[in-house]
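Coordinate analysis (summary)
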Amino acid sequence: MIAAVAGFAVQVDISTSVNLQNAESVPYFCVFMALWSSAFIAQWKRTQSRWAMRWGMVGFEQEETDRPAFAADPQTALIHSPVDGELTTYFPPAVAARRARMSGAIIAVCGTASLGVVYCLFILNVLMKYPRWEHRLTPSTWVPGMPDTSIRPTVIGVANTAQIMVMEYAYRSVAVALNDAEGHRTDTAYEDALIAKTFVFTFVNAYTTFFYTAFVKQFQAQFGWTMGVGRPRLYECEPQVASGRSNCMLDLKTQLSSIFVSRVLISNVKEVLVPYYFWAAKRLRSRERAYLDDLAAAKQGDAPGELEEGPGGDDPKRPGRFARLRGRFRRRRDPAAPAEEAKDDAAAAEAPPEPQSDRALTPPEVEAALDEYDVMIGPFDDYAELVIIFGFGVLFVAAFPLAPLMASVNSYVEIRVDGWRISQRHRRPWPRGAEDIGTWGTIIELLSYLSVITNGLMIVFTGLFVENATVATKILYYLLYTHGVFLAKFLVALVVDDVPRDVAIMVERQKFTESKLITRLPDVTPNVQGVSDAVHVDLTIQDEDADEVYLDVPGYANYVASLPAPPPRPRRPPTAREAPTAYDDDDDWDKAV
């Protein structure tokens with residue numbers, strides 16, 4: 001929330017500036033965001049290591065077993081390990097390399113297709129700038145009194161959001177199929193490879209439009225790069241600022257605000273309304289089937305001589321549901337029929353339990369009817385959405401300082417929706433261990449460093465902060481900015497430890513305890529003069545440490561306190577050259593000697 005509050009303050013400053021997105025506070029905010037992202041990553045690593053220690057997940061990846069799919073691969077073989085001679089699984093590196101090259105080629109084709117879709121959006125944006133289309137997209141032409149500003153950027157932003165989500169959904173099945181074919185040994189290796197494949201495609205698909213607007217679009221109008229469609233003036237950025245020169249900062253802001261809002265709406269529709277629709281349709285079909293079954297049973301019960309027959313068919317001892325209902329109805333009409341009432345009650349008591357369709361389902365049965373939550377793909381999709389939002393929140397803050405605030409709102413809504421979907425629309429997931437978030441952490445750190453480059457380019461070249469400087473001066477400013485921020489981020493990462501000191505000590509203590517209680521290593525008494533090896537060391541693990549200073553072994557302070565005092569040090573007799581002198585204590589003796 002610190003970044004969100006700072007971004008809101010900068011946006012207020014922008015709203016009062018004559019240069020709009022080129023306010024003087026923007027460069028300082030970019031430096032702040034770079035340092036904030038480093039602090040955020042460091043805090044994430046520290047919290048992650050603490051929870052890994054609490055849940056016993058430290059070293060989980062080294063102890064992870066092979067995937068069943070890996071063992072079932074025809075190329076996998078059992079060989080004797082060249083290290084210890086034990087039987088181990090072996091996958092030929094040449095086969096793995098060949099499959100990886102094939103996956104890379106297919107990913108390149110998918111990325112090219114994504115670039116083609118983005119190119120179509122560029123062309124659509126140019127065509128919609130023609131006067132006849134621009135006029136139709138102005139709200140004032142629909143309703144008098146509405147704003148006289150075209151909604152074309154908003155339409156393009158919503159279309160871009162839709163294509164991003166559609167292409168991501170279509171590519172996910174391709175990435176999963178490629179990952180399955182590669183044959184990864186463990187779940188962690190499988191997930192890391194899937195993350196890498198997805199991020200490469202997602203980066204091209206999600207961020208290409210914004211990179212184009214920030215770094216290419218304004219030069220198209222300046223140098224006449226029209227891509228064969230329209231005239232150069234159709235590629236100009238808007239609006240004209242006080243200096244008389246256009247820049248694309250406001251265009252980028254409009255696209256970012258559109259994608260944040262539309263992504264929340266489309267994501268909620270995809271994750272809430274669409275599953276709810278299928279769930280409601282399934283429930284309606286089950287009710288229709290139950291109604292048809294009841295109708296068929298009613299028609300069968302109305303037949304002469306078969307009204308008392310139960311739903312089970314020819315069993316005369318099991319009264320049907322409609323027979324019991326008929327008895328209740330008859331009792332209401334004729335209360336003076338005790339014989340018939342006793343007969344119906346006796347028959348109901350002797351009847352077996354009601355069939356499945358005639359009783360309310362228990363909560364476990366209701367949960368069993370829900371969809372299964374994929375413990376591999378489910379968290380993967382949730383992390384992917386959050387990482388993409390993080391990228392939008394840090395890569396282009398120079399153009400849209402409200403991006404951190406919008407990213408926080410998006411992330412909160414995404415987390416709450418995912419929690420509701422997992423707890424209400426899926427069965428209880430199977431527990432699955434993990435030491436960290438895997439490659440997602442590396443991607444977040446990569447986006448943090450990439451944001452320094454993108455925001456530096458927007459400040460120096462895209463915006464009007466140093467518009468009067470020469471190209472050589474701009475390059476110098478850019479190098480000074482990026483190298484200074486990189487140095488500051490490096491210092492933050494150097495000062496803040498990834499693992500807190502108390503967590504590191506507790507991990508070492510756990511290893512020590514495992515060595516004593518599981519591997520049964522013999523106790524080793526600290527090497528103290530005058531202490532026998534038979535002295536027992538207290539290995540009890542306490543809930544907390546009684547003091548701040550302690551050594552590796554719990555209870556060491558009490559152990560040292562119980563040791564006998566060392567014998568007094570003998571006095572050294574004076575030499576012949578020294579006159580005998582009386583000393584009050586040992587300290588005077590030491591000073592004299």
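Since this is a predicted model, take the numbers as computed values, not measurements.

Scanning the protein from terminus to terminus reveals 19 helices and 2 strands. Taking all 593 residues of the protein together, the buried fraction comes to 34%. Taking the contacts inside the protein whose residues are at least 6 apart along the sequence as the reference set, 69% of them involve residues at least 24 apart. Carbon and sulfur atoms provide 62% of the accessible area of the protein, an area that totals close to 36000 Å².

Scored by pLDDT, the protein has a mean of 76; 74% of the residues are at 70 or more. The low-confidence segment residues 302-326 (pLDDT under 50) makes 36 contacts with residues lying over four places distant or belonging to another chain. Throughout residues 328-333 the model reports pLDDT below 50, and contacts reaching past four residues in sequence, or to other chains, amount to 5 contacts.

A few words now on helix α13 (residues 377-395). Because an α-helix completes one turn every 3.6 residues, residues spaced three or four positions apart along the sequence face the same direction. Along its 19 residues, α13 runs 26 Å from first to last C-alpha, staying within 8% of the 27 Å computed at 1.5 Å per residue. Taken across its 19 residues, α13 has 16 buried, putting it largely inside the fold.

What follows covers the environment of H80. Structurally, H80 is set in strand β1 (residues 77-80). With 10 residues separating them along the chain, H80 and Y90 place their C-alpha atoms 9.2 Å apart. Contacts of H80, omitting those with residues within four sequence positions, involve G85, E86 and L87.

Remark: helix α6 (residues 152-182) packs on helix α7 (residues 187-215), axes separated minimally by 9 Å, with the N-to-C direction vectors making an angle of 155°. When the axis of α6 is compared with that of α7, the two are roughly antiparallel. Remark: the crossing between α6 and α7 carries right-handed chirality. Between α6 and α7, the contacting residues are N160, Q163, I164, M167, E168, Y171, A175, V176, L178, N179, D180 and E182 on the first element and Y190, A193, L194, K197, T198, F201, T202, N205, A206, T209 and F210 on the second. Looking at side-chain class alone, the contact of α6 with α7 contains 12 nonpolar, 7 polar and 4 charged residues.

Attention now goes to the nonpolar core. Formed by 62 residues in total, the largest nonpolar core has its most connected members in L252, F392, W440 and M458. For L252, the residues in contact, after removing those within four places along its chain, are F210, T213, A214, F396, A399 and M458. If you look at the next biggest cluster of nonpolar residues, it comprises 7 residues, including V118, I123, V126 and V229.

Next up on the list: the packing of helix α1 (residues 2-15) against helix α14 (residues 403-424). One way to put it is that α1 packs onto α14 with a least axis distance of 7 Å and a crossing angle of 140°. The orientation of α1 with respect to α14, classified from their angle, is oblique. For α1 against α14, the interelement crossing comes out left-handed. Every residue of α14 that contacts α1 at A3, A4 and F8 is listed here: P404, L405 and S408. Its residues assigned to classes, the contact of α1 with α14 comprises 5 nonpolar, 1 polar and no charged.

Moving on, we get to the packing of aromatic side chains. Note on aromatic pairs: each is described by the distance of the centres and the angle between the planes. Under the defined criterion, the tally for this structure stands at 21 aromatic pairs. Lying across the ring of W51, R54 places its NZ or CZ 5.0 Å from the centre. A cation over a ring is seen here: K489 above Y449, with NZ or CZ 4.9 Å from the ring centre.

Here the focus is the side chain of H426. By the element assignment, H426 lies in the loop between α14 and α15 (439-462). For H426, the residues in contact, after removing those within four places along its chain, are L370, D371, E372, Y373 and R421.

The subject of this paragraph is α1. Taking 1.5 Å per residue as the helical rise, α1 with its 14 residues ought to reach 20 Å, and the 20 Å between its terminal C-alpha atoms agrees with that figure. All buried positions along α1 are accounted for by A3, A4, G7, V10, Q11 and I14. Down the axis, α1 shows its buried residues gathered within 125° of arc, on one side only. What points out from α1, more than 90 degrees from its buried face, is the exposed set I2 and V5.

Right, let's get into the pattern of salt bridges. Summed over all chains, the structure comprises 13 salt bridges. The residue R50 makes a salt bridge to D502 at a minimum N-O spacing of 3.0 Å. Of this pair, R50 sits in helix α2 (residues 25-54) while D502 sits in helix α17 (residues 501-517), placing them 452 residues apart in sequence. The residue R421 makes a salt bridge to D382 at a minimum N-O spacing of 3.0 Å. Remark: D382 occurs in helix α13 and R421 occurs in helix α14; sequence separation between them is 39 residues. Here the salt bridges share partners, and the residues they tie into one network are D382, D418 and R421.

Taken together, the 4 bridges between β1 and strand β2 (residues 87-90) define a ladder with antiparallel strand orientation. Note on β2: the bridge partner recorded for A77 is Y90. Counted between consecutive antiparallel strands, the loop separating β1 from β2 contains 6 residues, among which G85 sits at a positive phi close to 80°.

Together, K282, R285, R289 and R427 line one region of the surface with positive charge. Tracing the sequence through the fold places R289 in helix α9 (residues 249-301).

Within the fold, G111 resides in helix α4 (residues 93-127). Along the backbone, G111 and Y171 are 60 residues apart, and their C-alpha atoms lie at a distance of 9.6 Å. Not counting chain neighbours up to four residues away, the residues in contact with G111 comprise F201 and V204.

Looking at the element boundaries, F260 is found in helix α9. The spacing of F260 and G157 is 103 residues in sequence and 9.4 Å in space, taken between C-alpha atoms. Residue contacts for F260: discarding those within four places in its chain leaves I389, F392, G393, F400, A403, M406, A407 and N410.

Let's shift gears to a nonpolar patch on the surface. Nonpolar side chains collect at one region of the surface, where V269, L273, V274, Y277 and F278 lie side by side and expose about 510 Å² of accessible area between them. Within the element layout of this structure, V269 appears in helix α9.

Further remarks concern the side chain of S49. Secondary-structure assignment places S49 in helix α2. Setting aside residues no more than four positions away along its own chain, S49 makes contact with D498, V499, P500 and V503.

Conventions adopted
- Residues numbered from 1 in each chain as written.
- Predicted model: local features only at pLDDT ≥ 70, side-chain atom pairs only at ≥ 80, totals over all residues.
- Heavy atoms only, no water.
- Helix = DSSP H or I, 4+ residues; strand = E, 2+ residues; numbered from the N terminus.
- Buried < 20%, exposed > 50% of the residue type's maximum accessible area, 1.4 Å probe, protein only.
- Contact = heavy atoms within 4.5 Å.
- Areas by Shrake-Rupley, 256 points an atom, 1.4 Å probe, with all protein chains shown as cover.
- pLDDT = per-residue confidence, 0-100.
- Expected span 1.5 Å × (residues − 1).
- Axes fitted to C-alpha atoms, helices over the stretch in contact; angles between N-to-C directions.
- Parallel < 35°, antiparallel > 145°, perpendicular 65-115°, else oblique.
- Left-handed = near helix turned anticlockwise from the far one by under 90°.
- Nonpolar A, V, L, I, M, F, W, Y, C, P; charged D, E, K, R; others polar.
- Core = buried A, V, L, I, M, F, W, Y, C linked by side-chain atoms within 4.5 Å.
- Phe/Tyr/Trp six-rings, centres within 6.5 Å; stacked < 30°, edge-to-face > 60°.
- Lys NZ or Arg CZ within 6 Å of the ring centre and 35° of its normal.
- Arc of directions from axis to C-beta.
- Salt bridge = Lys/Arg side-chain N within 4 Å of Asp/Glu carboxyl O.
- Pairing = 2+ DSSP bridges.
- Patch = residues over 30% accessible without salt bridge, like charges linked within 9 Å, V, L, I, M, F, W, Y side chains within 5 Å.
- Lys, Arg positive; Asp, Glu negative; His and termini not counted.
- Charge placed at Lys NZ, Arg CZ, Asp CG, Glu CD.

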